[in-house]
Amino acid sequence: MNTDEVLGIFREAGAVLEGHFILTSGLRSPVFLQKARVFMHADKTERLCKALAEKIRAGVPGKIDYVVGPAIGGLIPAYETSRHLGVPAIWVEREGGEFRLRRFEIASGARVVIVEDIVTTGLSIRETIECLRELGAEVVAAACIIDRSAGKTHVGVPLIALAEYEVPAYPADRLPPELAAIPAVKPGSRNI
Ligand SMILES: O=P(O)(O)OC[C@H]1O[C@H](OP(=O)(O)OP(=O)(O)O)[C@H](O)[C@@H]1O
Ligand SMILES: O=C(O)c1cc(=O)[nH]c(=O)[nH]1
Ligand SMILES: [Mg+2]
């Protein structure tokens, strides 16, 4: 599946929003990919995640013990991708602001692949890696449906993106005037 097909699915679902958005990193952007509007459709999610699973299989040599999704956005794609990989899906969720594996146990040395929805700065993936490494897991790769940095983000493990789509993002004190003129909204779940 190529980038145009992935973006086509997002557009068809009404998931490419325009306005002024506060991203999880604190950066501001005129575009927000509201993945929940894609993941509400099982058929669209299945197509995307089946293709992502194939890309993971081709890119990750050896056994995968778990797929790990960072909540909330990573929950559905991690689950659906894991179904196509034939391995269990677990998740990290925020407790006091930090990602924790609250509901599961994981053996030291377990080989895991993180599956995210969207990557912008890679902050959320790096936080997930830190949590999993503290538990002794080996993060063999990370994957996402769309990499908004178009390959510029590095997370310290191979990052497998189904699509790369470069979207502008600005520090809050360096907004272009047309963006500053629009009230900002924060759609994600960090800090709530
Ligand atoms: O690469 P980054 O700069 O970390 O940005 C991408 C992250 O932002 C979103 O999560 P968010 O924290 O907004 O909450 P959500 O998962 O509930 O949507 C998205 O689900 C990714 O996890
Ligand atoms: O960087 C983010 O927080 C982010 C961007 C985006 O387009 N979609 C999303 O869910 N999060
Ligand atoms: Mg998220």
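Preceding this section is the structure that the text describes.
It should be emphasised that the depicted structure is a prediction, and the values quoted were computed from it without experimental measurement.

Caption draft 1: The nonpolar core, seen in detail. Core analysis: the biggest nonpolar cluster contains 35 residues, and Phe10, Ile56, Ile145 and Ile146 have the highest contact counts within it. When residues of this core are assigned to their parent elements, the largest contribution, six residues, is made by helix α3 (residues 42–59). When residues no more than four places from it in sequence are discounted, the contact partners of Ile56 are Ile64, Thr81, Leu85, Val113, Val115, Ala143 and Ile160.

Caption draft 2: Inspection of helix α1 (residues 3–12) at higher detail. Every buried residue belonging to α1 is among Val6, Leu7, Ile9 and Phe10, and all of these are buried. Buried residues of α1 fall within an arc of 150 degrees about the axis and therefore sit on the same side. Exposed positions of α1 whose direction lies more than 90 degrees from the buried face are Asp4 and Glu12. Where α1 begins, the side chain of Asn2 points an oxygen toward the backbone nitrogen of Asp4, at a separation of 3.2 Å. Looking one or two places after α1, you find Gly14, whose phi comes out positive at around 70 degrees.

Caption draft 3: Geometry of the pattern of salt bridges. According to the stated counting rule, one finds 14 salt bridges in the structure shown. Of the charged contacts, one joins Glu138 and Arg111 as a salt bridge, the two residues approaching to 3.9 Å between their closest N and O atoms. Note that Glu138 is positioned in strand β7 (residues 138–147) and Arg111 in strand β6 (residues 111–119), a separation of 27 residues in sequence. On the basis of relative accessible area, Glu138 is assigned to the partly exposed category, the value being 40%. Linked by salt bridges that have partners in common, Glu93, Glu95, Arg100, Arg102 and Arg103 make up one network.

Cut-offs used in this document
- Residues numbered from 1 in each chain as written.
- Chains lettered and ligands numbered in written order.
- Predicted model: local features only at pLDDT ≥ 70, side-chain atom pairs only at ≥ 80, totals over all residues.
- Heavy atoms only, no water.
- Core = buried A, V, L, I, M, F, W, Y, C linked by side-chain atoms within 4.5 Å.
- Buried < 20%, exposed > 50% of the residue type's maximum accessible area, 1.4 Å probe, protein only.
- Helix = DSSP H or I, 4+ residues; strand = E, 2+ residues; numbered from the N terminus.
- Contact = heavy atoms within 4.5 Å.
- Arc of directions from axis to C-beta.
- Polar contact = N/O pair within 3.5 Å; in protein donor to acceptor, adjacent residues only side chain to side chain.
- Salt bridge = Lys/Arg side-chain N within 4 Å of Asp/Glu carboxyl O.

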